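Secondary and tertiary structure notes
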Amino acid sequence: MKLFKYLLGMGLCLSIAKATVAQTVRNYNPIIPDLIADPSIVKFGDTFYCYATTDGYDKGLATSGPPVLWQSKDLVNWSFDGIFFPSAAKQLFWAPSYAQKVGKDYFFYPTVNTHIYVAKASSPKGPFKLVGEDTFEKGKAPAPLVLMDGPKKTKGIDAEIFIDDDKTPYLFWAQRGAAKLKPNMTELDGDIQVIQTKRNGYSEGPIFFKRKGIYYYMYTLSGHEHYAYAYQYSKVSPFGPYEFPKEEIIAKTDTTEKIYGPGHGNVFNIGDDYYFTYLEFGRSGTNRQVWINKMEFNEDGTIKPVKLTNKGVNPLNVKDKGLKIEETSASSTKPEYKVPHIYDATLKRTEYYNPVNATDWSNGTRWMADAADSLATFTAKLSKPQTIKKVETYFVKPTAGHAYVLEGSLDGKTWVKCGGHEDVQIKSPHTDVLNKKFQYLRIKFLKGVAGIWEFKVY
């Protein structure tokens, strides 16, 4: 009772949720438990890599999170460990292309401090270093490949790399810019092109790919809730001439599904199956998440409008094998938040931060403690005492790092330390191997944002 009165006196909401977690029905969108945008997914070997912008740092385009590389074996379970482009850790890091393997090297084209640069590594997971002196210090940094104020009124952000069957590399960027690259992958080769499109206006996030001899150029229109993707195709070359399909808008806001602003993303394939990955704008501002939906084609090679769904994709038919969590509770809960709209008043989302959100197997919901809760805890109760092999915790704002203590209990009264670490680590998830019998598990936050996207027990 004293604790309850103390929390109320601090303006906190004591949160005890007793709800059975439904793990039988699952949506696979969003795919990653964090706020990220501008995804570019590619597969090397048996691993998918998602190069992206880290959102959620609350200062709009005046800041961004550090460069981390999410990886997955199955497009369902994703993780990262540390920073993969160290020299850009404290810079404005946005909208990277996925890495391209040429010879023994992997070339990477991020937007840093508003310009496109070239970086290189011996592995697709880095660590990447700038080509030239690996620093952004004034007077020492190498020259950008394309400046923000790009040639011919293009805009030097949002690189997209394509290597044709004859090994010729191409670079595409915002406002319809395009050029060949020299074989060294670090210099533009020849004249700058401006891709002529049927629809005019501001455009970014170009996507380029080739399928069955047809070149596809995709480009965004507008932005925010009104983000949309249009496309055109050529059977001749990456520079055209282009043909304009009857249905050229293949992704746009679906107010019925309540999916808003499908923006800057990419297209990748698994064999003959193609997938469209994109940022979804439904949280407004720089608080976006990454979604994937299937892309299908007509017999003549034109693209069918993509059906945007919350269900998403699970192409490898991954099964959730975690233990069922019966109840959740927390020391406090952040008040609900009504997401503001920018252009479209039909965007009426309210975010709730209840503890049960951390055990619902959804990357789109999270538990967060009240901002005034300096001793935040999160507790999960299983249906019975049982041997727990491991725990995976996906914290909120993982790119800023966390330190925590994990405790276990058989009765909810006597607790023993069974995991965690006191040093701040930048990774997700944080994995604790237990191989011990418990019914209750409790996270105590030492450093980092007190919030959990997903808490999985095996």
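Predicted model, so just to flag it, every value in this text is computed and none were measured.

A few points about the overall build of the chain
Regarding its fold elements, the chain presents 1 helix and 33 strands. A globule of 458 residues ought to have a C-alpha radius of gyration of about 23 Å, and the chain, at 23 Å, matches this closely. Summarising its shape, the C-alpha atoms of the chain cover approximately 75 × 50 × 40 Å along the three principal directions. Considering the chain as a whole, with its 458 residues, one finds that 55% of them fall into the buried category. For the chain, the computed accessible surface area is about 20100 Å², with 50% contributed by carbon and sulfur atoms.

A short note on the UniProt feature "domain: F5/8 type C" (unreviewed entry) in the chain
In this numbering, the UniProt entry assigns the feature "domain: F5/8 type C" (unreviewed entry) to residues 350–451. Secondary structure over residues 350–451 splits into 0% helix and 62% strand, and the C-alpha atoms at its two ends are 17 Å apart.

Considerations on the nonpolar core
In this structure, Leu406, Leu441, Ile443, Ile452 and Phe455 are the most contacted members of the largest nonpolar core, which totals 24 residues. If you list the elements that add at least two residues to this core, you get β24 (325–330), β28 (377–395), β29 (402–409), β32 (430–447) and β33 (451–457). Ranked by residues supplied to this core, first place goes to β28 with 6 residues. Leaving out residues up to four positions away in the same chain, Ile452 has contacts with Ala358, Arg366, Trp367, Phe378, Thr393, Tyr394, Phe395, Val396, Ile443 and Phe445.

What to know about the sheet that holds strand β23 (residues 289–295)
Ordered by their spatial adjacency, 3 strands build an open sheet running β21-β22-β23, and the pairing between neighbours is antiparallel. Of all strands in the sheet, those bounded by a partner on one side alone are β21 (263–270) and β23. Sheet twist, expressed as the average angle between the axes of neighbouring strands with direction ignored, equals 25 degrees. Both strand β22 (residues 273–280) and β23 contribute to a ladder of 7 bridges, which runs antiparallel. What sits directly across from Leu279, in β23, is Val290.

Description of the pattern of salt bridges
In this structure the tally under the stated criterion is 18 salt bridges. The closest approach of N and O atoms between Asp46 and Lys73, which form a salt bridge, is 2.9 Å. Remark: Lys73 occurs in the loop between β4 (69–72) and β5 (78–81) and Asp46 occurs in the loop between β2 (36–44) and β3 (47–54); sequence separation between them is 27 residues. Among the charged side chains, a salt-bridge network with shared partners connects Asp164, Asp165 and Lys210.

Considerations on unusual backbone geometry
Geometrically, the link from Gly126 to Pro127 is a cis peptide bond, its omega value of 0 degrees lying close to zero. Examined against the element boundaries, Pro127 turns out to sit in the loop between β11 (119–121) and β12 (129–130). Residue Pro429 is bonded to the preceding Ser428 through a cis peptide linkage, with omega at -5 degrees. Structurally, Pro429 can be placed in the loop between β31 (427–428) and β32. Even without glycine at this site, Gln175 takes up a positive phi of about 60 degrees.

The rules behind the values
- Residues numbered from 1 in each chain as written.
- Predicted model: local features only at pLDDT ≥ 70, side-chain atom pairs only at ≥ 80, totals over all residues.
- Heavy atoms only, no water.
- Helix = DSSP H or I, 4+ residues; strand = E, 2+ residues; numbered from the N terminus.
- Rg over C-alpha atoms; globule rule 2.2 N^0.38 Å.
- Buried < 20%, exposed > 50% of the residue type's maximum accessible area, 1.4 Å probe, protein only.
- Areas by Shrake-Rupley, 256 points an atom, 1.4 Å probe, with all protein chains shown as cover.
- UniProt positions renumbered as here; feature names shortened; annotations may be inferred.
- Core = buried A, V, L, I, M, F, W, Y, C linked by side-chain atoms within 4.5 Å.
- Contact = heavy atoms within 4.5 Å.
- Pairing = 2+ DSSP bridges.
- Axes fitted to C-alpha atoms, helices over the stretch in contact; angles between N-to-C directions.
- Salt bridge = Lys/Arg side-chain N within 4 Å of Asp/Glu carboxyl O.

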